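Below are the chains, spelled out letter by letter.
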Amino acid sequence: MKFYIKTFGCQMNEHDSEIIAGVLESTGYQPCDELDEADIIVVNTCCIRESAENKIWGYIGNLKNAKYKKPGVIIAVLGCMMQQQNIGDMLNRMGKHLDIVLGTYQQHRLPEYISRVLGGERRIVDISEDNRDFPDVLPSDRGDGPIHTAQINIIYGCNNFCSYCIVPYVRGRERSRDFNAIIDEIRQVAGQGIKEIMLLGQNVNSYGKDLAKAGVENAPDFAAVLEAANAVEGIERIRYMSSHPRDFSPALVDTISRLSKVCSYYHLPLQSGCDKTLKAMNRGYDRARYAEIIRQIRTTTPDAAITTDLIVGFPGETEEDFRECLDFIAECRFDAAYTFLYSPRSGTVAATMPGQVPLAVKKERLQRLTNLQNQISLEKNLAYVGRKVKVLVEGESKNNPDCYTGRTDSNKIVIFHGEPQMINQIVELEITAAKTWHLEAF
Ligand code: 5AD
Ligand code: SF4
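Asks: Would you mind going over the site of ligand 1 with me for this structure?
Replies: Close contacts around ligand 1 come from I48, R49, Y164, Q271, D309, I311, F340, L341, Y342, S343 and R345, and that covers them all. Within the side chain of Q271, an N or O atom sits 2.7 Å from an oxygen atom of ligand 1. Contact distances for ligand 1 include 2.8 Å between a nitrogen atom and a backbone N or O atom of S343. Taking 400 Å² as the accessible area of ligand 1 by itself, protein coverage stands at 86%.

Asks: Help me understand the pairing of strand 17 (residues 413-416), please; the structure alone is not making it clear to me.
Replies: Sheet faces and side chains relate simply in a regular strand, where the side chains alternate between the two faces. Summarising the sheet, strand 16 (residues 404-408) and strand 17 pair through four bridges and their orientation is antiparallel. Paired with T405 across the bridge in strand 17 is I415. Bridge count for strand 17 against strand 20 (residues 439-441) is three bridges, and the pairing is parallel. By the bridge assignment for strand 20, V414 is matched with L439.

Asks: Is there a simple way to think about the domain arrangement of the chain in this case?
Replies: When the parts of a complex come together, some accessible area is lost, and that lost area is often taken as the interface size. When the domains of the chain are assigned, the result is domain 1 (2-126), domain 2 (149-382) and domain 3 (388-441). Each of domain 2 and domain 3 was reduced to a C-alpha centroid, and the two centroids are 25 Å apart. Facing the 20 residues of domain 2 at the interface are 18 residues of domain 3. For the pair domain 2 and domain 3, the summed buried area comes to about 1,600 Å², and 47% of that belongs to carbon and sulfur atoms. Of all residues in domain 2, the largest losses of buried area upon contact with domain 3 belong to K195, R237 and N381, amounting jointly to 40% of the total for that side. In this assembly, domain 2 and domain 3 are joined by one salt bridge. D335 is the partner of K412 in a salt bridge, and the nearest nitrogen-oxygen pair spans 2.8 Å. If you look at where domain 2 meets domain 3, you find 12 residue pairs in polar contact (both at pLDDT 80 or more). The element that contributes the greatest number of residues to the side of domain 2 that touches domain 3 is helix 13 (residues 359-382), accounting for six residues. Grouping the constituent residues of the side of domain 2 that touches domain 3 by class yields seven nonpolar, five polar and eight charged.

Asks: Mind showing me how you'd approach the sheet that holds strand 3 (residues 40-45) here?
Replies: Pairing within the open sheet is parallel, and its six strands lie in the order 2-1-3-4-5-6. Two strands bound the open sheet, and with one partner strand each, they are strand 2 (30-31) and strand 6 (124-126). Contacting strand 1 (2-7), strand 3 and strand 4 (74-79), helix 2 (residues 50-69) runs over the sheet at an angle of about 175 degrees to strand 3.

Asks: Teacher, can you tell me more about the packing of aromatic side chains here?
Replies: The description of two aromatic rings rests on the distance between their centres and on the angle between their planes. What the rule picks out here adds up to 11 aromatic pairs. Between Y164 and F314, the ring centres sit 6.4 Å apart and the planes meet at 85 degrees, which makes this aromatic pair edge-to-face. Placement of Y164 in the loop between strand 8 (155-156) and helix 5 (167-171) and of F314 in the loop between strand 13 (305-312) and helix 12 (319-332) is noted, with a sequence separation of 150 residues between them. Classification of Y164 by relative accessible area gives buried; the value is 10%. Aromatic side chains F222 and Y240 sit 5.4 Å apart centroid to centroid with 75 degrees between the ring planes, which places their arrangement in the edge-to-face category.

Asks: For this particular structure, what's the right way to read the packing of helix 6 (residues 179-191) against helix 8 (residues 222-230)?
Replies: A pair of packed helices is characterised by two quantities: the angle between their axes and the separation of those axes. Interhelical geometry of helix 6 versus helix 8 gives an angle of 30 degrees and a closest axis separation of 10 Å. Judged on the interaxial angle alone, helix 8 and helix 6 are roughly parallel. Remark: the crossing between helix 6 and helix 8 carries right-handed chirality. Where helix 6 approaches helix 8, its residues F179, I182, I183 and I186 are matched on the opposing element by A224, V225, A228 and A229.

Reading guide: rules and limits
- Residues numbered from 1 in each chain as written.
- Chains lettered and ligands numbered in written order.
- Predicted model: local features only at pLDDT ≥ 70, side-chain atom pairs only at ≥ 80, totals over all residues.
- Heavy atoms only, no water.
- Near = heavy atom within 4 Å.
- Polar contact = N/O pair within 3.5 Å; in protein donor to acceptor, adjacent residues only side chain to side chain.
- Areas by Shrake-Rupley, 256 points an atom, 1.4 Å probe, with all protein chains shown as cover.
- Pairing = 2+ DSSP bridges.
- Helix = DSSP H or I, 4+ residues; strand = E, 2+ residues; numbered from the N terminus.
- Domains from an automatic or database assignment.
- Contact = heavy atoms within 4.5 Å.
- Buried area = accessible area lost by both parts, 1.4 Å probe.
- Salt bridge = Lys/Arg side-chain N within 4 Å of Asp/Glu carboxyl O.
- Nonpolar A, V, L, I, M, F, W, Y, C, P; charged D, E, K, R; others polar.
- Axes fitted to C-alpha atoms, helices over the stretch in contact; angles between N-to-C directions.
- Phe/Tyr/Trp six-rings, centres within 6.5 Å; stacked < 30°, edge-to-face > 60°.
- Buried < 20%, exposed > 50% of the residue type's maximum accessible area, 1.4 Å probe, protein only.
- Parallel < 35°, antiparallel > 145°, perpendicular 65-115°, else oblique.
- Left-handed = near helix turned anticlockwise from the far one by under 90°.

So this is what it looks like as C-alpha cells:
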C-alpha cells in the first residue's frame, strides 16, 4: 500500500512528517508523490493562525473527491489543529469523510490505527494527551536525493504561554529528548554525509530544564547540546530554532560565538517593539533587555545576521504603540523579519482581551512595517556585495532552473550558476548583487 503526506505549517511539522513517513515505511508502506496514487492520505495540520486553518479545512474538504474516486482510500488527519479543544464540532461539520484523526501526542501510532481501519473499524479519533509512551527514537524518512540539512528534535512543547499563542495548548509542556538519543542521531546523519543539522524545538533554550527539575544529576542544557554537536565529525554547520530572547543569556551568546560550527545567525522573535504590548503578550523581556542582547551579539560576532518575528495589531495596540515598534525596528536593523497579522486563537488569553484591532488597520500597519523592513533588509544585503562567502549548496533554484541555490553561514540565500556535483558541498563565491530576500553571485 502507498501513502501520500501533505504537510502544513512550521519546520517542526515538516520534521514530524519525516518521522511519520519513517514509521509508515518501517511498517511496510511505500511513499508516493501523487495523491491519486495513494491508498493512504495523511494530512499534517497547523493552527498557529486562522489563515492556516482556513486553508487546511479547504484542503480536507477537497479530499471528499479522493474518497469518491477511490472509496477504499484511508484518510488520516494529524497534528496541531486536531489537538484543539473545539475540534469535535468542526469534525462533525467538516470531517465526516475522515477515517483517522490523531492529535500531536498520538501520531507515531498511525500504523496501528491504519491496521484497525483495515480490520473494519470506522472513524477513529484519538486526541488524548497521554504521552507517557512517546518514544525517544523513531525512524525518519528525510526524502530522496542529496540532503543538505537534517532536522533533529531536541525538545517538544512549550511552557511560555505567550498570550497570543496556541502552541502550549496543542503541543503541551516542555519535554526534553534524551541527550544520548540526540547525539546518536547527529552522528548517524553525519555518517550519511549530511553536513548541516537544524536542532528543533519550540524553545530550544529550555532544553534540559525539565530534566533538571525531575532530578536528573548534571542535567545537560542547550549549551551542552551545542558543544556535543560541535564535536561530531562530519557535521560542518549547526543551526537551531526557535529561541526565546528571554532565555538568551550572555553565557549562551559566548558559547555560540566560541563554537566554530554553530552558525553566525540569530533568529530572535521580538514580536513587538513596544513595552506595553510586550507585557500584554507575556514575553518576559522589554525593549531595553532585547537591545542589550543584540548589542552583545554584534560585539562578539560583528558578522552575525539577526532576524526576527513580528506581530502587528495585537489587542490594545494603538497608533502610538505601533510607531514605537517601527522606531525600535529601525534601531535594531534586522537582516529580515517574518511579519504576521495578529490572529485571535480560541482558548488563548489574548483572544478575549479588549481592544481587538480592526483587520483594515492591521493590514495598513503590516504594509508600513514591511516597507521599512524591506528597505533595511536590502541595505543589509548590499553590504555583502564584493565579499567572498562560503555557501552550502542546496540544489537547483526553484524559480530559475538555470541557477543553483545555497545559504551562507548567516543564512542568506545565494543564487549562482553551478554544477550538479556542487550539491551538498560548501563552495566559496563572490557576491555580485543583492536583493531584498537574496544575494546573487554571477
Ligand atoms: N497571531 C499571529 N502570529 C502569531 N504567531 C504565533 N501566534 C500568532 C497569532 N495568534 C507568530 C509569532 C511566532 C511565529 C511562529 O508565529 O510571531 O514567533
Ligand atoms: Fe508560542 Fe511563545 Fe511558546 Fe513560541 S514561546 S511557541 S510564541 S507560547
